[in-house]
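So the chains spell out like this:
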Amino acid sequence: FFDIREPVLRPEDFEAQVRYIEDGLMLLSGGHIVWLGSWQEGEGRLALAQKTAGLEIDDFRDKLIVPGFVDTHIHYPQTEMIGAYGEQLLEWLTRYTFPTEQQYHCADYSKRMSKFFLDQLLLNGTTTALVFGTVHPESVDALFKEAADINMRLVAGKVMMDKNAPDALLETPDESERDTRALIARWHNRQRLSYALTPRFAPTSSPELLQKVRLLKQEFPDVYMHTHLSENVAELSWVKEMHPEHQHYLDVYHQYGLTGERCVFAHCLHLDDSEWDCLHDTDSTIAFCPTSNLFLGSGLFNLQKSWHKQVRVGMGTDVGAGTTFNMLETLSEAYKVGQLQRYRLSAFEAFYHATLGGARALHLDDKIGNFNTGKEADFVVLEPGVSALQKLRATNSKTLAEKLFVLMTLGDDRNVYSTYVDGEQVYARDALQGERPA
Ligand code: GUN
Ligand code: FE
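This write-up is about the structure you can find in this document. Sequence positions are assigned chain by chain, starting from 1 and proceeding in written order. Each chain gets a letter, beginning with A, and each ligand a number, beginning with 1, in the order they are written. Local features in this predicted model are restricted to residues whose pLDDT is 70 or higher, and side-chain atom pairs enter the listing and the counts only when it is 80 or higher, whereas totals over whole chains, interfaces and linings include all residues. Just so you know, side-chain values use all the structure's heavy atoms and leave hydrogens and water out.

Re the site of ligand 1
Condition: Near residues are defined by distance, with any heavy atom within 4 Å of the molecule or strand qualifying the residue. We define a polar contact as two N or O atoms separated by no more than 3.5 Å, with the added condition that, inside protein, one atom must be a possible hydrogen donor and the other a possible acceptor, whereas residues neighbouring each other in sequence contribute only through side-chain atom pairs. Throughout, the Shrake-Rupley method with a 1.4 Å probe supplies accessible areas, and for residues the shown protein chains are the sole cover considered. To qualify as a helix, a DSSP run of H or I must reach at least 4 residues; to qualify as a strand, a run of E must reach at least 2; elements of each kind are numbered from the N terminus. Polar here means any residue other than Ala, Val, Leu, Ile, Met, Phe, Trp, Tyr, Cys and Pro, which are nonpolar, and Asp, Glu, Lys and Arg, which are charged; Gly is therefore polar.
In the neighbourhood of ligand 1, the contacting residues comprise H75, Q78, L89, W92, L93, R200, F201, H228, E231, H267, D318 and A321. The side chain of H228 places a nitrogen or oxygen atom 3.5 Å from a nitrogen atom of ligand 1. In the environment of ligand 1, a nitrogen atom lies 2.9 Å from a nitrogen or oxygen atom belonging to the side chain of D318. Calculation on ligand 1 without its partners gives an accessible area of 270 Å², and the protein chains cover 100% of this total. With three residues, the top contributor of residues to the shell around ligand 1 is helix 3 (residues 89-101). Taken together, the residues that form the shell around ligand 1 break down as five nonpolar, four polar and three charged.

Right, dumping it as structure tokens:
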């Protein structure tokens, strides 16, 4: 994990900043980390805690414990449509996404899919996510309810859209405001939940709708704003046609006050310099979604530029345009996106983006993202060598950097041994006795 309090200025700094304890002990109490150190140094404390509080001990020798992964962009209603064939963004939305999302007017269906979705996050070691629902408030009620049941830290919102989609998925700006307001009242800051205003993207938002989002953001400044930006070149020309008065795509959001802290923009593949500067100056965040960007043929995210411009970046899976819930697989694709642009993504940088970097991108780094005392006890226990190939390769990797790099290159959900949320075990691979969950 990374014990970094100041913003990181250069990717080269991660190697010096990583904290690795070979034989460690972590004490938890009330869902928080209360002590962390080497086993030997901690034995006395453990004995005392056992005597006074009757502690249980979970022994994970030979495993690797890292902070729970943070997914900064994902659509839960698209779980069932991963791997939809043949289209790029705009046709993919029309042909596959919009028909799928129409099912979420039904509360029972939303509940069933919410459970499935959260199980997928947990069995992949993801303990916090920023999530798109559908336009239906029922979709988000169901998801928040399931997350509240395990006291998970989750940020989500219902989609707001009033044009350029089938009628069944459209609302008026007034309805959008009314439903959003009710969801904020019901869920925002309840337990570990936060609300995100979620206009789908510029092409499905009228000026009146964006004005509603602006007023809600002003009224509830600690609510998030979560949308898509500059993903696909056809989308870009469409936005330009629709908003000739705006200087560039980001300007559409910016003019409505939808940039700044807790504003998260998925993709950001085709930004010009002034858009990068605007993201930096407003301290807005980017969700980098490599599997989605490759799957939809959208383009290559420029990680180098995000360092140069000092913009916050988190990792997103963007399921269902993304092809996996798994953060290790996502990091591996991020590495390849880097390779195509001669950027070398180190394992340390990659794991940073998936943990503390993601937490920082969501302004949650005072609560999650590393193992400093006082942090919330969300973590994942990884088993580095599971498959025969991983075991073979492990015999040739010596340094921590190399071991982590092989883990992200060959890893998947089999490497997730156990997941903890709020100090409680919420997933144990071997409890399934070899079966994959339904
Ligand atoms: N842009 C607008 N809506 C979507 C969506 O559902 N997925 C992706 N990847 N991009 C979008
Ligand atoms: Fe998306």
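Now that the structure is up, let's keep going.
Details of unusual backbone geometry
Residue G320 is reached from V319 by a cis peptide bond, and omega for that bond is 0 degrees. Tracing the chain through its elements places G320 in the loop between strand 12 (312-315) and helix 13 (327-339).

Structural notes on helix 3
Cut-off, in case you're wondering: For a helix, the expected span equals 1.5 Å multiplied by the number of residues minus one. Throughout, bend refers to the angle between the axes fitted to the seven residues that end at a position and the seven residues that start at it. Exposure categories follow from relative accessible area, calculated using a 1.4 Å probe and restricted to protein chains: below 20% of the type maximum is buried, above 50% is exposed, and the middle band is partly exposed. Contact definition: two residues touch when any of their heavy atoms are within 4.5 Å.
Helix length check: helix 3 (13 residues) gives 15 Å between terminal C-alpha atoms against 18 Å at 1.5 Å per residue, more than 12% under. At R95, helix 3 shows its maximal kink, close to 35 degrees; a proline, P99, follows between one and four residues later. When we look at burial in helix 3, the residues that qualify are L89, L90, W92, L93, Y96, T97, F98, T100 and E101. Residues of helix 3 that are buried in the fold lie against helix 8 (233-242).

Quick notes on the coordination of the iron ion (ligand 2)
Worth spelling out the cut-off: Only N, O and S atoms count as donors, using a 2.8 Å cut-off from the metal and 3.2 Å for Na, K and Ca, and because water is excluded some sites may appear unfinished.
Every protein donor of the iron ion (ligand 2) is listed here as H73 (NE2), H75 (NE2), H228 (NE2) and D318 (OD), and their distances to the metal cover 2.0 to 2.2 Å. Read in sequence order, the donor residues for the iron ion (ligand 2) give the motif H-x1-H-x152-H-x89-D. Across this residue pair, the class does not change: H73 and H75 are buried.

Section: helix 4 (residues 107-123)
End to end, helix 4 covers 24 Å across 17 residues, agreeing with the expected 24 Å (1.5 Å per residue, within 8%). Listed in full, the buried residues belonging to helix 4 are Y109, S110, M113, S114, F117, L118, Q120, L121, L122 and L123. Where helix 4 ends, the next residue or the one after it, G125, has phi of about 85 degrees, a positive value.

Quick notes on the side chain of S418
Here S418 shows up in strand 14 (residues 416-421). Polar side-chain contacts of S418 include one of 2.9 Å to the backbone oxygen of Y427.

Side note on the sheet that holds strand 15 (residues 424-428)
What counts here: Following DSSP output, two strands are said to pair if at least two bridges run between them. Axis lines are fitted through C-alpha atoms, for helices just across the contact stretch, and the angle between N-to-C directions can take any value from 0 to 180 degrees.
Within the open sheet, the four strands sit side by side as 3-13-14-15. Their pairing is antiparallel. Two strands bound the open sheet, and with one partner strand each, they are strand 3 (64-67) and strand 15. Between one strand axis and the next, the sheet turns by 25 degrees as a mean value, whatever way the strands run.

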